[in-house]
Amino acid sequence: MRSVRNVLRMNFVDQRKTRNIADLTGIPYSTVYDNITIAKAKGLTWPQIEAMSDEALEQALSSSSTQRPLPDWAYVEKELKRAGVTLQLLWQEHKEAHPDSYQYSRFCELYVAWAKKNDVYTPIPHKAGEELYVDYSGDKIPYICLETSALLEAEIFVAVLGASNRTYVEASRSQQLPCWVESNINAFEYNEGVTEMVIPDNLLSAITTPDRYEATANRTYQDFGEHYGTFIVPARSRKPKDKSKVEQGVLSTQQEVLAPLRNHTFFGLHAINEAIRPRLDQLNNRPFQKRLGSRESQYLEIEKPALKPLPATRYSYREWVVKLMVGQDHHVYIHEHSYSVPSQYARAETEAAIDINMVEILHKGQVIARHCRSFVKGGRTTVREHMPIKYQHYFDSYDQEKLLNKAKDVGPQMFKWADVVFNLKGRPPKTLCNSVLGALSLVKEFGNVRLEAICERALILNIHSYKALQSMLNNGADHLPLPIPGTTTSHLPQQHANVRGAEQFA
């Protein structure tokens, strides 16, 4: 009331105009005007005003005979939670119904005063459908793992809607990124809709780079937000008021959900969540102490209609690995396994999106390679088309399947011979490929027909050497009658100067 008394002194004693008083004191013109008008309407003089206590002066200036019509402030608070509703809009509606009511600045002052008396810490409440606050409770619940019988502790995830305070709670295996994202998805599904923003604390699972003004969310968490059409807006570091909703939600969870379960023994996470759900329903349906309704009724009335619908498909978790440098061998190393990319991206910076089945490698936002995920430590997954052209030809030379296809193009006998060679035991695969490659090279000199004939003879005689095939072709063995299977008839000429008979060994 000190400022009001000063306003009245400047008017009654100093004879200053209303506008001049507003400019000098910084008090809105409408407020100055209202106080002076009421005082004069009451017939008060400056000596009377000066002699009054603050309480008496306040009562004199706010008596029912001179007080202008006021709105239902509880209604104003409730309407402010609706999307697009502002104090200015509510003042305009009230002014239309009551033309003699207060001007906008005084209207706002009166609302702020009412809000403070009703434990509303901010004059403008949270908008319906706008914010979901998420965090972990500091308290944990012990449980016995069904797989290992080990005693573990479950993390408690808490999510609170901004306007209705509807709370979601679940037990999670850890605070690691996969569990964090899964809990966020479950919160959306529990509320049957998506908010405009998700506001996490600066925990490591969600935020890569904490910052007061522009914190950087984890890439996987951003990917989750894009899928659901929501923005990830981290709370500022060391600014507890930014996340006061979830702080209060955590406190209510600890007192009304977790504390009653402190003496229970749980076997597995599922058992914990089954015990949490009925207590969570009680929390959300419990009436507010200082206003009408409950979390659940507020959710159904104002929050649920403002939520965006869930997407048609549930988010499939993908882990992002960023700043991956491609080696000179056009491979990137991801989780102890190497994957190829097209050779033109050698020494480029890439990133990878990984799920349980697939690895996608991206360069400047474009997918340049896809691989089935491998869990072989130290292994390599290489696609032929990713190699430089000269190396593609080299590796094709040692691809048994490709060599068999080439043999099939020559003819069925050549295919059978190559297949027999590849199934020989005790010889290195590369040596077997060399034998088939050599045999295929004979096509250029002798043609398909002769090579087919000599392969048929070689199959009967169990000949598996490329050089033997070449020698037989040079000596025209393909023109001789086929030997009878099981005989030892030689394919070499029997009458020759260098061939001695049995009599030479008698």
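Residues numbered from 1 in each chain as written. Predicted model: local features only at pLDDT ≥ 70, side-chain atom pairs only at ≥ 80, totals over all residues. Heavy atoms only, no water.

**Describing the packing of aromatic side chains**
- Inspection of every chain in the model, using the stated rule, returns 16 aromatic pairs.
- Between Phe224 and Tyr315 the ring centres are 6.0 Å apart and the planes differ by 75 degrees, which places this aromatic pair in the edge-to-face class. Of this pair, Phe224 sits in helix H10 (residues 219-228) while Tyr315 is found in the loop between helix H13 (295-303) and strand E8 (319-325), placing the two residues 91 residues apart along the sequence. Across the pair, exposure class does not vary: Phe224 and Tyr315 are buried alike.
- Pairwise contacts between aromatic rings join Tyr136, Phe157, Tyr168, Trp180, Phe188, Tyr190, Tyr221, Phe224, Tyr228 and Tyr315 into one cluster.
- Residue placement shows Arg19 over the ring face of Tyr29; its charged tip is 4.0 Å from the ring centre.
- In this arrangement the basic side chain of Lys408 is found over the ring face of Phe415, its NZ or CZ atom lying 5.1 Å from the centre. (Phe/Tyr/Trp six-rings, centres within 6.5 Å; stacked < 30°, edge-to-face > 60°. Helix = DSSP H or I, 4+ residues; strand = E, 2+ residues; numbered from the N terminus. Buried < 20%, exposed > 50% of the residue type's maximum accessible area, 1.4 Å probe, protein only. Lys NZ or Arg CZ within 6 Å of the ring centre and 35° of its normal.)

**Some words on the environment of Phe157**
- Among the structural elements, Phe157 can be located in strand E2 (residues 151-161).
- Placed 27 residues apart in sequence, Phe157 and Asn184 show a C-alpha to C-alpha distance of 8.8 Å.
- Every residue in contact with Phe157, bar those within four places of it in the chain, is listed here: Val134, Asp135, Tyr136, Tyr168, Val169, Glu170, Trp180, Ser183, Asn184 and Ala187. (Contact = heavy atoms within 4.5 Å.)

**Considering the packing of helix H15 (residues 400-410) against helix H16 (residues 412-422)**
- Contact geometry for H15 and H16: axes closest at 7 Å, N-to-C directions at 155 degrees. It follows that H15 is roughly antiparallel to H16 by the angle criterion. Every residue of H16 that contacts H15 at Gln400, Leu403, Leu404, Ala407, Lys408 and Val410 is listed here: Met414, Phe415, Ala418, Asp419 and Phe422.
- Split into classes, the residues belonging to the contact of H15 with H16 amount to 8 nonpolar, 1 polar and 2 charged. (Axes fitted to C-alpha atoms, helices over the stretch in contact; angles between N-to-C directions. Parallel < 35°, antiparallel > 145°, perpendicular 65-115°, else oblique. Nonpolar A, V, L, I, M, F, W, Y, C, P; charged D, E, K, R; others polar.)

**Regarding unusual backbone geometry**
- Of note in this structure, His335 is not a glycine but carries a positive phi near 50 degrees.
- Turning to its location among the elements, His335 is positioned in the loop between strand E9 (331-334) and strand E10 (337-340).
- For Lys364, which is not glycine, the phi dihedral falls at a positive 55 degrees.
- Structurally, Lys364 is set in the loop between strand E12 (358-363) and strand E13 (366-372).
- The exposed category is assigned to Lys364, whose relative accessible area is 77%.

So far we have only geometry, and geometry alone does not tell us how the molecule works.
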